Amino acid sequence: QVQLVDSGGGLVQAGESLGLSCVASGRTFSSYSMGWFRQAPGKEREFVAQINWSGGRTYYADSVKGRFTISRDNAKNTVWLQMNSLKPEDTAVYYCAAARIYNHYDPFRPKPREYDYWGQGTQVTVSS
């Protein structure tokens, strides 16, 4: 069982930056691939970024590539999402998510159903 607590959201203006963090409970953080998703009002939850168990491989949605950076520190049980050059269309509730991996098999996971645990979400609002 893993509990995720994500934080760091807020209200910023377009073009500004914001950093989100997600702290996981437990001693097996490196057994999880970690992802960030977001959900805007009236829309489905969408993939933002993923980082594999070791931190050696990352994936991004096209809409955030070049602006957002996902990173992790397994010793601190923490994953971050640094968001730069924010746009009004980035406004959403952001969720971190964890997917249990086995035998270091850790493929690209862009679908919410591929994750086992979720944080409570943190609101990001970007004004124009």
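Residues numbered from 1 in each chain as written. Predicted model: local features only at pLDDT ≥ 70, side-chain atom pairs only at ≥ 80, totals over all residues. Heavy atoms only, no water.

Requested: an account of the overall build of the protein, with residues and values cited.
Within the protein one finds zero helices and eleven strands. On the principal axes, the C-alpha backbone points of the protein span a range of 45 × 25 × 25 Å. Out of the 128 residues in the protein, the part that is buried amounts to 43%. For the protein, contacts bridging at least 24 residues in sequence account for 60% of all contacts bridging at least 6. Just so you have it, the protein exposes about 6,600 Å², and 47% of that area is on carbon and sulfur atoms. Taking the 14 positively charged and 11 negatively charged side chains of the protein as two groups, their mean positions are separated by 5 Å. (Helix = DSSP H or I, 4+ residues; strand = E, 2+ residues; numbered from the N terminus. Buried < 20%, exposed > 50% of the residue type's maximum accessible area, 1.4 Å probe, protein only. Contact = heavy atoms within 4.5 Å. Areas by Shrake-Rupley, 256 points an atom, 1.4 Å probe, with all protein chains shown as cover. Lys, Arg positive; Asp, Glu negative; His and termini not counted. Charge placed at Lys NZ, Arg CZ, Asp CG, Glu CD.)

How would you explain the side chain of Gln 50 if you had to name every residue and give the values?
Positionally, Gln 50 belongs in strand β5 (residues 46-51). Of note is the side chain of Gln 50, whose polar atom sits 2.7 Å from the backbone nitrogen of Arg 109. Every residue in contact with Gln 50, bar those within four places of it in the chain, is listed here: Ser 33, Met 34, Gly 35, Arg 57, Thr 58, Tyr 59, Ile 70, Asp 106, Pro 107, Phe 108, Arg 109 and Tyr 115. (Polar contact = N/O pair within 3.5 Å; in protein donor to acceptor, adjacent residues only side chain to side chain.)

Pulling in residues and values, what's your account of the state of the cysteines?
Inspection of the entire model under this criterion finds one disulfide. Here Cys 22 pairs with Cys 96 through a disulfide, and the sulfurs are 2.0 Å apart. Across the disulfide from Cys 22 to Cys 96, rotation about the S-S bond amounts to roughly 50°, and the bridge is consequently right-handed. On the criterion of sequence distance, the pair formed by Cys 22 in strand β3 (residues 18-24) and Cys 96 in strand β9 (residues 92-100) is long-range, its members being 74 residues apart. (Disulfide = S-S within 2.5 Å.)

Any chance you could break down the packing of aromatic side chains for me, citing the residues and the numbers?
Overall, the coordinates contain eight aromatic pairs when judged by the stated rule. Aromatic pair Phe 47 and Phe 108: ring centres 5.4 Å apart, planes at 80°, arrangement edge-to-face. Of the two residues, Phe 47 sits in strand β5 while Phe 108 sits in the loop between β9 and β10 (117-118), which places them 61 residues apart along the sequence. Judged by its relative accessible area of 11%, Phe 47 is buried. (Phe/Tyr/Trp six-rings, centres within 6.5 Å; stacked < 30°, edge-to-face > 60°.)

Tell me about the sheet that holds strand β8 (residues 78-83), and please be specific about residues and values.
Taken in spatial order, the four strands make up an open sheet running β1-β3-β8-β7, and their pairing is antiparallel. Each edge of the open sheet is held by one strand with a lone partner, namely β1 (4-7) and β7 (68-73). The mean inter-strand angle of the sheet, taken between neighbouring strand axes irrespective of direction, is 15°. Inspection of the sheet shows β7 paired to β8 by six bridges, in the antiparallel sense. Directly across from Arg 72, in β8, lies its bridge partner Val 79. (Pairing = 2+ DSSP bridges. Axes fitted to C-alpha atoms, helices over the stretch in contact; angles between N-to-C directions.)

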